[in-house]
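# Structure assessment
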Amino acid sequence: MNRSADVQALDACNVRLVDPERVAAVHARMPSEQDVVDTADVFSLLGDPRRLKLLVALLDGELCVCDLAALTGMSESATSHALRLLRAHRVVSVRRDGRMAYYRLDDAHVRMLVDLAVAHTEHTEAIHPEREGDKQ
């Protein structure tokens, strides 16, 4: 598609463009709508503290459901449910050994996301406007 046509399509709603060439370049590399939705789903999965604990526990390698439940303080049932959800989104994968199920992070990308998120919070102090009433 013609770049000027792309910019005109973006400008169709009468939004002023300060840097139309840059807007066109960013627009050209923007992921598909479905990829954006799927990525947002992964971030929402990581946004739950219990599921994030499971993922942090798996940074050191695979663990069975029983050990993950003990580490996170969740019931085995709740742990299994959370792991099923993470597995459905390819955040974790499973290896079965008889009746035991061992979970691990699915790939290096997931490890990097978790590592970076934890490292970020360890070296910064978040400001939570929604928690202003909690300060005393």
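Here, every reference points to the structure presented above.
These notes cover the structure that comes with them.

Calculation criteria
- Residues numbered from 1 in each chain as written.
- Predicted model: local features only at pLDDT ≥ 70, side-chain atom pairs only at ≥ 80, totals over all residues.
- Heavy atoms only, no water.
- Core = buried A, V, L, I, M, F, W, Y, C linked by side-chain atoms within 4.5 Å.
- Buried < 20%, exposed > 50% of the residue type's maximum accessible area, 1.4 Å probe, protein only.
- Helix = DSSP H or I, 4+ residues; strand = E, 2+ residues; numbered from the N terminus.
- Contact = heavy atoms within 4.5 Å.
- Axes fitted to C-alpha atoms, helices over the stretch in contact; angles between N-to-C directions.
- Parallel < 35°, antiparallel > 145°, perpendicular 65-115°, else oblique.
- Left-handed = near helix turned anticlockwise from the far one by under 90°.
- Nonpolar A, V, L, I, M, F, W, Y, C, P; charged D, E, K, R; others polar.
- 1 Å grid on protein atoms, 1.4 Å probe; cavity = no way out; pocket = protein on both sides within 12 Å on 5 of 7 lines; lining within 4 Å.
- Points joined across faces, edges and corners; volume = space filled by probe spheres on them.
- Salt bridge = Lys/Arg side-chain N within 4 Å of Asp/Glu carboxyl O.

## Describing the nonpolar core
Judged by nonpolar contacts, the single largest core of 21 residues is most densely connected at Leu55, Val92 and Tyr103. Every element with two or more residues in this core is listed here: helix H3 (33-46), helix H4 (49-57), helix H5 (65-72), helix H6 (76-88), strand E2 (92-97), strand E3 (100-105) and helix H7 (108-123). For leucine 55, the residues in contact, after removing those within four places along its chain, are Leu46, Leu86, Val91, Val92, Leu105 and Val114.

## Quick look at the packing of H4 against H5
Following both chains from N to C, one finds H4 and H5 inclined at 120 degrees, their axes separated by 10 Å at the closest point. By the angle between their axes, H4 is oblique relative to H5. The handedness of the crossing between H4 and H5 is right-handed. Between H4 and H5, the contacting residues are Lys53, Leu54 and Ala57 on the first element and Leu68, Leu71 and Thr72 on the second. For the contact of H4 with H5, the per-class residue count stands at four nonpolar, one polar and one charged.

## Quick notes on the layout of surface pockets
What the largest pocket holds in volume is close to 390 Å³. In terms of lining residues, the largest pocket is bounded by 15 residues, among which Asp38, Thr39, Val42, His89 and Arg90 are the most central. With seven residues, H3 is the single largest residue contributor to the lining of the largest pocket. The residue inventory of the lining of the largest pocket, partitioned by class, reads seven nonpolar, three polar and five charged.

## Focus on the pattern of salt bridges
For the structure on display, the rule yields three salt bridges. The partner of aspartate 48 in a salt bridge is arginine 50, and the shortest N-O contact between them spans 3.8 Å. Residue arginine 50 is classed as partly exposed on the basis of its relative accessible area, which comes to 47%. Residue glutamate 62 pairs with arginine 95 through a salt bridge whose shortest N-O separation is 2.4 Å. Residue glutamate 62 is located in the loop between H4 and strand E1 (63-64), and its partner arginine 95 is located in strand E2; the two are separated by 33 residues in the primary sequence. Classification of arginine 95 as partly exposed rests on a relative accessible area of 32%.

## Things to note about the side chain of aspartate 48
Looking at where aspartate 48 falls in the secondary structure, it is placed in the loop between H3 and H4. Looking at aspartate 48, the relative accessible area reads 16%, which means it is buried.

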